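Topology and contacts: notes
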Amino acid sequence: MDEAIRLPQIMVVDDDQDTVAILARHLQREGFVPIEANSGAQCLKLVHENEVDVILLDLMMPEMDGFQVVKALKDDPVTAEIPIIMITARDDLDARAEGMRLGVSDFLAKPVFRRQLASRVRAQLEVVETARNATAAMDRLEAARKHRAQ
């Protein structure tokens, strides 16, 4: 029996429910499975309950802003490697610099267009897949080296 193909799961985090709904609809149309969160705290909870491949994260949210969420995600070994695309109306150099310092993978300025969103998400998925392939190749080389040394 063929193994079912797992569609990439993309978490959308924004305090504006309309933005979450629009981005989720864009993602579905592009063949992704959206996971919706309306706050940083909800993101941090749901990311441990789902197999999240990429996080789309709003910068300006009440209580816990996007930078605080990024820091919490990157400080947790379980979530540290998940690519984060920061989505913000505040598209300035200081915000980008701070995001990059914290580990944000990419930025998108609001309003976000479907094709642009899909392209950026796919690019992050490719980066993750390339890293996995490189790690697997290194593991095989190390195993072969150890086998020869015996």
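Up top is the structure these notes are about.
Model, not experiment: these values are computed from the prediction.

Secondary structure assignment for the chain yields 5 helices and 5 strands. Ordered by position in the sequence, the α and β elements of the chain form the string β-α-β-α-β-α-β-α-β-α. Summarising its shape, the C-alpha atoms of the chain cover approximately 60 × 40 × 25 Å along the three principal directions. Within the chain, the proportion of its 150 residues that are buried is 39%. A fraction of 61% describes how many contacts in the chain between residues 6 or more apart in sequence connect residues 24 or more apart. Summed over all atoms, the accessible surface of the chain reaches about 9,100 Å², with 53% contributed by carbon and sulfur. Separation between the mean location of the 19 positive side-chain charges and that of the 26 negative ones in the chain comes to 6 Å.

Turning our attention to the packing of helix α3 (residues 66–75) against helix α4 (residues 93–102). Packing of α3 against α4 brings their axes to within 9 Å, and their N-to-C directions diverge by 15°. The angle between α3 and α4 places the two elements in the roughly parallel class. As α3 runs across α4, the sense of the crossing is right-handed. Only Ala 95, Glu 98, Gly 99 and Leu 102 of α4 make contact with α3, whose side of the interface consists of Phe 67, Val 70 and Lys 74. A per-class count over the contact of α3 with α4 returns 4 nonpolar, 1 polar and 2 charged.

Next up on the list: the layout of surface pockets. If you add up the space inside the largest pocket, you get close to 240 Å³. The wall of the largest pocket is formed by 13 residues, among which Asp 53, Leu 125, Val 128, Glu 129 and Arg 132 lie closest to the centre. Of the residues that constitute the lining of the largest pocket, the class distribution is 6 nonpolar, no polar and 7 charged.

Here we take up the sheet that holds strand β4 (residues 84–88). Strand order in this open sheet of 5 strands is β2-β1-β3-β4-β5, and the pairing throughout is parallel. Two strands bound the open sheet, and with one partner strand each, they are β2 (33–37) and β5 (106–109). Recorded for the sheet is a direction-independent mean angle of 20° between the axes of neighbouring strands. Bridge count for strand β1 (residues 9–13) against strand β3 (residues 54–58) is 4 bridges, and the pairing is parallel. Looking at β3, one finds that Met 11 is bridged to Ile 55.

The next thing to look at is the pairing of β4. Burial of β4 is extensive: 5 of the 5 residues sit out of reach of the surface. Of the strand pairs in this sheet, β3 and β4 are connected by 4 bridges, and their pairing is parallel. Following the sheet pairing, Leu 57 is matched in β4 by Met 86. Once the chain exits β3 it traverses α3 before rejoining the sheet at β4, and the crossover so formed is right-handed. In this structure, β4 lies alongside β5, joined through 4 bridges in parallel fashion. Each bridged residue has a counterpart across the sheet, and for Thr 88 the counterpart in β5 is Ala 109.

The rules behind each value
- Residues numbered from 1 in each chain as written.
- Predicted model: local features only at pLDDT ≥ 70, side-chain atom pairs only at ≥ 80, totals over all residues.
- Heavy atoms only, no water.
- Helix = DSSP H or I, 4+ residues; strand = E, 2+ residues; numbered from the N terminus.
- Buried < 20%, exposed > 50% of the residue type's maximum accessible area, 1.4 Å probe, protein only.
- Contact = heavy atoms within 4.5 Å.
- Areas by Shrake-Rupley, 256 points an atom, 1.4 Å probe, with all protein chains shown as cover.
- Lys, Arg positive; Asp, Glu negative; His and termini not counted.
- Charge placed at Lys NZ, Arg CZ, Asp CG, Glu CD.
- Axes fitted to C-alpha atoms, helices over the stretch in contact; angles between N-to-C directions.
- Parallel < 35°, antiparallel > 145°, perpendicular 65-115°, else oblique.
- Left-handed = near helix turned anticlockwise from the far one by under 90°.
- Nonpolar A, V, L, I, M, F, W, Y, C, P; charged D, E, K, R; others polar.
- 1 Å grid on protein atoms, 1.4 Å probe; cavity = no way out; pocket = protein on both sides within 12 Å on 5 of 7 lines; lining within 4 Å.
- Points joined across faces, edges and corners; volume = space filled by probe spheres on them.
- Pairing = 2+ DSSP bridges.
- Right-handed = clockwise from strand over helix to strand, strands pointing away.

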